[in-house]
Amino acid sequence: MSITEDPDRLAQVAGALGAAFREASQGRQVRLPVIQPADAAGLVMVMHAQLDEAIEERSAAAAAEGAHIACSAGCSSCCVSPLLVTEGEAVTVAQWLKLPENKEIRGAFLAAYPAWKRGVGDAGAALERASTGTDEERRDAAMQFKRRAVMCAFNRDGLCSIYAARPARCRKALALDTNAHCGADSDGNVKYYEHERTEITFEEQEPMRAALHHAFKLNGSLEMLCSAVQRLLGASVSRNEPCPCGSGQKYKKCCGS
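Residues numbered from 1 in each chain as written. Predicted model: local features only at pLDDT ≥ 70, side-chain atom pairs only at ≥ 80, totals over all residues. Heavy atoms only, no water.

1. Considering the overall build of the protein
Moving on, step 1. Check the secondary structure of the protein and you find nine helices and four strands.
Moving on, step 2. Along the chain direction, N to C, the helices and strands of the protein fall in the order α-α-β-α-α-α-α-β-β-α-α-β-α.
Moving on, step 3. What you see for the protein is a C-alpha radius of gyration of 19 Å, in line with the 18 Å of a compact globule of 257 residues.
Moving on, step 4. Considered along the principal axes of its C-alpha atoms, the protein spans approximately 55 × 40 × 40 Å.
Moving on, step 5. Residue pairs in contact within the protein that sit at least 24 positions apart in sequence constitute 76% of those at least 6 positions apart.
Moving on, step 6. Of the roughly 13700 Å² that the protein leaves accessible, carbon and sulfur atoms contribute 51%. (Helix = DSSP H or I, 4+ residues; strand = E, 2+ residues; numbered from the N terminus. Rg over C-alpha atoms; globule rule 2.2 N^0.38 Å. Contact = heavy atoms within 4.5 Å. Areas by Shrake-Rupley, 256 points an atom, 1.4 Å probe, with all protein chains shown as cover.)

Structure, rendered in structure tokens:
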């Protein structure tokens, strides 16, 4: 099993992470517990389910007020936007892709990754560097990335191939009235529907996402979703082995370069 579902096990892991996070927030030096990828994925999937419940309530509230949510299956305007994720969320997607039933999706992603990487070019690295910079630096890097109009390597014919395991920010994204402000050539002025439970749920989950991130990458920066997942999937591949993307090249000359 690549994703832990045992509630007692997940409660134990969450408790250990929470205790360490609280001590660290009080200025104490702590050693984060060793977290297994399957446990991290289990915790993140539980948080996703909680957030999804709040988002369903948001959709109902918007509909009751007569508001039109432009997001729907087949709309991938926001899939060219930059997406930096914590390591726990990247691990979750990688673990989900390792499930036997998702073998085809995993292969399609690995095949699409090289083209995505070429399209992103140096904009991805610039975005990751800017994540620890000023608000202006982050905005400029995000805009430069978005203008390249590179579709996420997980997008298949307008649909998210990892929909069940997609990161929290993808779940929370929303555009009211129109998607005209979401694409690569848009102004980015997306009209958003503020929903208290959704916002509170997302914010309350942030400490756990941060704790998981630091448990895997102590003091490590955020990373592009596609890059992080490709790295995790290729972690067991020797640099001299054929690249799992199917290019025919050695891993070190292809996705591992």
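2. With respect to the pattern of salt bridges
Moving on, step 1. Taken as a whole, this structure holds twelve salt bridges when the rule is applied.
Moving on, step 2. With its nearest N and O atoms 2.9 Å apart, the salt bridge here joins Glu 87 to Arg 231. Highlighted residues: Glu 87 in helix 3 (residues 87-97) and Arg 231 in helix 9 (residues 225-233), separated in sequence by 144 residues.
Moving on, step 3. For Glu 87, a relative accessible area of 5% gives the class buried.
Moving on, step 4. Within the structure, one salt-bridge network assembled from shared partners comprises Glu 87, Lys 217, Glu 223 and Arg 231. (Salt bridge = Lys/Arg side-chain N within 4 Å of Asp/Glu carboxyl O. Buried < 20%, exposed > 50% of the residue type's maximum accessible area, 1.4 Å probe, protein only.)

3. Concerning the confidence of the model for the protein
Moving on, step 1. Mean pLDDT over the protein stands at 87; residues scoring 70 or higher make up 90%.
Moving on, step 2. The secondary structure element of the protein with the lowest average pLDDT is helix 6 (residues 135-147), at 82, and the one with the highest is helix 3, at 97. (pLDDT = per-residue confidence, 0-100.)

4. Side note on the packing of aromatic side chains
Moving on, step 1. In this structure the tally under the stated criterion is three aromatic pairs.
Moving on, step 2. Cluster of aromatic residues (ring-pair linked, three or more members): Phe 109, Tyr 113, Trp 116 and Phe 154.
Moving on, step 3. Its end group placed over the ring of Phe 202, Lys 172 keeps NZ or CZ at 5.0 Å from the ring centre.
Moving on, step 4. In this arrangement the basic side chain of Arg 209 is found over the ring face of Phe 202, its NZ or CZ atom lying 4.5 Å from the centre. (Phe/Tyr/Trp six-rings, centres within 6.5 Å; stacked < 30°, edge-to-face > 60°. Lys NZ or Arg CZ within 6 Å of the ring centre and 35° of its normal.)

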